[in-house]
Amino acid sequence: LVQLQGLLEDPTPYVDFSGLDAEAAGGARARIALRARAKREYMRGLLAYRGGMLSAETADGFLAALAIDPDELGSRYYLRDIAENLVAMYLGWSEFENATAFLDKVQAARPDIALFELLRGDVAYAQEQYDAAAAHYRRYIEMGGAASRARERIEEAVAPAASE
């Protein structure tokens, strides 16, 4: 990966824009340059992901890539993977504040990723905050999430309230 990182240069000097008018060429040049910058940040994230321990900082390169190019699919994939594994680790250690702080960080940058609502539900559920958990699970489902535990835990949260 380190060797590949040096190959991620801006390709715009090598692209022939002569078939485009000046405005279209400028727009295409800018989009290609942004995509190249996003790929460099993605590679930085990938190096951290593959080369070190899992931590909240492991996500930084991917977050930077997505700030440049929201459509950078590799960064979206790894950001979700990091979130699932890191939150599971924090929950296993009962480090609810760390899990919440990490989810605050990634969700502020990418509020469109439904998985973060599911994980927020898991954090609330682990703390026996069932109403809050159910609210997060509902939001996750509204965003298109399909994990069965969301529906199951909503039903669990509603069942005790119904019996009171």
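Residues numbered from 1 in each chain as written. Predicted model: local features only at pLDDT ≥ 70, side-chain atom pairs only at ≥ 80, totals over all residues. Heavy atoms only, no water.

With that settled, the discussion passes to the overall build of the protein. Looking only at helices and strands, the protein has 8 helices and 0 strands in total. Starting at the N terminus and walking to the C terminus, you meet the elements of the protein as α-α-α-α-α-α-α-α. Computed over C-alpha atoms, the radius of gyration of the protein comes to 20 Å, more than 25% over the 15 Å expected from 2.2 N^0.38 for 164 residues, which places it beyond the range of a compact globule. With the C-alpha coordinates of the protein rotated into their principal frame, the extents come out at 75 × 35 × 20 Å. Within the protein, buried positions represent 35% of all 164 residues. A total of about 9400 Å² of accessible surface is found on the protein, and carbon and sulfur atoms cover 52% of it. Across the protein, the mean location of the 18 positive side-chain charges is 5 Å away from that of the 26 negative side-chain charges. (Helix = DSSP H or I, 4+ residues; strand = E, 2+ residues; numbered from the N terminus. Rg over C-alpha atoms; globule rule 2.2 N^0.38 Å. Buried < 20%, exposed > 50% of the residue type's maximum accessible area, 1.4 Å probe, protein only. Areas by Shrake-Rupley, 256 points an atom, 1.4 Å probe, with all protein chains shown as cover. Lys, Arg positive; Asp, Glu negative; His and termini not counted. Charge placed at Lys NZ, Arg CZ, Asp CG, Glu CD.)

Time to look at the packing of aromatic side chains. Using the criterion set out here, one finds 6 aromatic pairs in the structure. Between phenylalanine 62 and tyrosine 78 the ring centres are 5.3 Å apart and the planes differ by 15 degrees, which places this aromatic pair in the stacked class. Here phenylalanine 62 is found in helix H3 (residues 60-68), whereas its partner tyrosine 78 is found in helix H4 (residues 73-92), with 16 residues between them in sequence. Overall, the relative accessible area of 12% leaves tyrosine 78 in the buried class. (Phe/Tyr/Trp six-rings, centres within 6.5 Å; stacked < 30°, edge-to-face > 60°.)

As a further point, take the side chain of aspartate 122. For aspartate 122, the location among the structural elements is in helix H6 (residues 115-126). A relative accessible area of 8% means that aspartate 122 is categorised as buried. If near-sequence neighbours (up to four positions away) are discounted, aspartate 122 is found in contact with Leu91, Tyr137, Arg149 and Arg153. (Contact = heavy atoms within 4.5 Å.)

Bringing the nonpolar core into the picture now. Nonpolar side chains in soluble globular proteins tend to be buried together. Within the largest apolar cluster, 38 residues are counted, with the highest numbers of intra-cluster contacts made by Leu79, Phe102, Leu103, Val106 and Phe116. It is H4 that contributes the most residues to this core, 7 residues altogether. Those residues in contact with phenylalanine 102 that lie beyond four places of it in its chain are Ala56, Ala59, Ile82, Ala83, Leu86, Val87 and Tyr90. (Core = buried A, V, L, I, M, F, W, Y, C linked by side-chain atoms within 4.5 Å.)

Scope: geometric values only; no functional claims are made or implied.
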